[in-house]
Amino acid sequence: MPAASRRRPAPAAFNYRPLLRRAGVLLAVSFALSFVLMAYLFGFSDGFFGRLAGCTFVWFTLLAVTFLLVVPFVNWAAEHWFGRSWAEAPTPQPARRPRATNTPKPTRYAVRPTENK
């Protein structure tokens, strides 16, 4: 009878813990925004917790789509489509034209003549 072989567990294909932590932070931020907004606009009247849950869901959806999908996709697209050198290139400064020497400098506060009636 052959010896029992020990199998190592398969490595996880995707590390979900950083994503879960980011989603938790976004949920906390969306809950705080919703609570402040609902308390300010409507007060603590009837149906407060139902409106709070709906408002939290909307904020969480907007923030999660923005920060977990759109921003990483734009970073990935800039790196893969344009190359790493394009993403790390310094931003050129705008060209400044020298001021003409014969034109007077504009005065900001000109003295107005007084009106005599």
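For the structure, check the block above.
Notes on the structure in this doc start here. Keep in mind it's a predicted model, so treat the numbers as computed, not measured. (Residues numbered from 1 in each chain as written. Predicted model: local features only at pLDDT ≥ 70, side-chain atom pairs only at ≥ 80, totals over all residues. Heavy atoms only, no water.)

### Remarks on the overall build of the chain
Part 1 of the argument: Of regular secondary structure, the chain possesses three helices and zero strands.
Part 2 of the argument: Traced from its N-terminal end to its C-terminal end, the chain shows the element sequence α-α-α.
Part 3 of the argument: Buried positions account for 12% of the 117 residues belonging to the chain.
Part 4 of the argument: Taking contacts inside the chain between residues at least 6 apart in sequence as the whole, the part at least 24 apart equals 47%. (Helix = DSSP H or I, 4+ residues; strand = E, 2+ residues; numbered from the N terminus. Buried < 20%, exposed > 50% of the residue type's maximum accessible area, 1.4 Å probe, protein only. Contact = heavy atoms within 4.5 Å.)

### As for the packing of aromatic side chains
The geometry of an aromatic ring pair is captured by the separation of the ring centres together with the interplanar angle, meaning the angle of the planes.
Part 1 of the argument: Summed over all chains, the structure comprises eight aromatic pairs.
Part 2 of the argument: Aromatic pair phenylalanine 73 and tryptophan 81: ring centres 5.9 Å apart, planes at 85°, arrangement edge-to-face.
Part 3 of the argument: Members of the aromatic cluster, each reached through a chain of ring pairs, are Phe31, Phe35, Phe44, Phe48 and Phe49.
Part 4 of the argument: The aromatic ring of phenylalanine 42 is capped on one face by arginine 51, whose charged end is 4.8 Å from the ring centroid. (Phe/Tyr/Trp six-rings, centres within 6.5 Å; stacked < 30°, edge-to-face > 60°. Lys NZ or Arg CZ within 6 Å of the ring centre and 35° of its normal.)

### Description of a nonpolar patch on the surface
Part 1 of the argument: On the surface, Val65, Phe67, Leu69, Val70, Val71, Phe73, Val74, Trp76, Trp81 and Phe82 cluster together to form a nonpolar patch covering roughly 1000 Å² of accessible area.
Part 2 of the argument: Along the chain, valine 74 falls in helix α2 (residues 48-82). (Patch = residues over 30% accessible without salt bridge, like charges linked within 9 Å, V, L, I, M, F, W, Y side chains within 5 Å. Areas by Shrake-Rupley, 256 points an atom, 1.4 Å probe, with all protein chains shown as cover. Salt bridge = Lys/Arg side-chain N within 4 Å of Asp/Glu carboxyl O.)

### Side note on the side chain of serine 30
Part 1 of the argument: Relative to the helices and strands, serine 30 is located in helix α1 (residues 17-42).
Part 2 of the argument: By relative accessible area, which is 0% here, serine 30 ends up buried.
Part 3 of the argument: Not counting the four nearest positions on each side in its chain, serine 30 is found in contact with Thr56, Trp59, Phe60 and Leu63.

### Re α1
Part 1 of the argument: Spanning 26 residues, α1 covers 37 Å between terminal C-alpha atoms, matching the ideal 38 Å at 1.5 Å per step.
Part 2 of the argument: Regarding α1, the residues found buried are Leu26, Ser30, Ser34 and Met38.
Part 3 of the argument: Where α1 is buried, its residues contact α2.
Part 4 of the argument: Looking one or two places after α1, you find glycine 43, whose phi comes out positive at around 75°. (Expected span 1.5 Å × (residues − 1).)

### Thoughts on the packing of α1 against α2
Part 1 of the argument: Two numbers describe how α1 lies on α2: the axes approach to 7 Å, and their chain directions differ by 135°. In this view, α1 runs oblique relative to α2, as classed from their interaxial angle. The hand of the α1/α2 crossing is right-handed.
Part 2 of the argument: Looking at side-chain class alone, the contact of α1 with α2 contains 21 nonpolar, three polar and two charged residues. (Axes fitted to C-alpha atoms, helices over the stretch in contact; angles between N-to-C directions. Parallel < 35°, antiparallel > 145°, perpendicular 65-115°, else oblique. Left-handed = near helix turned anticlockwise from the far one by under 90°. Nonpolar A, V, L, I, M, F, W, Y, C, P; charged D, E, K, R; others polar.)

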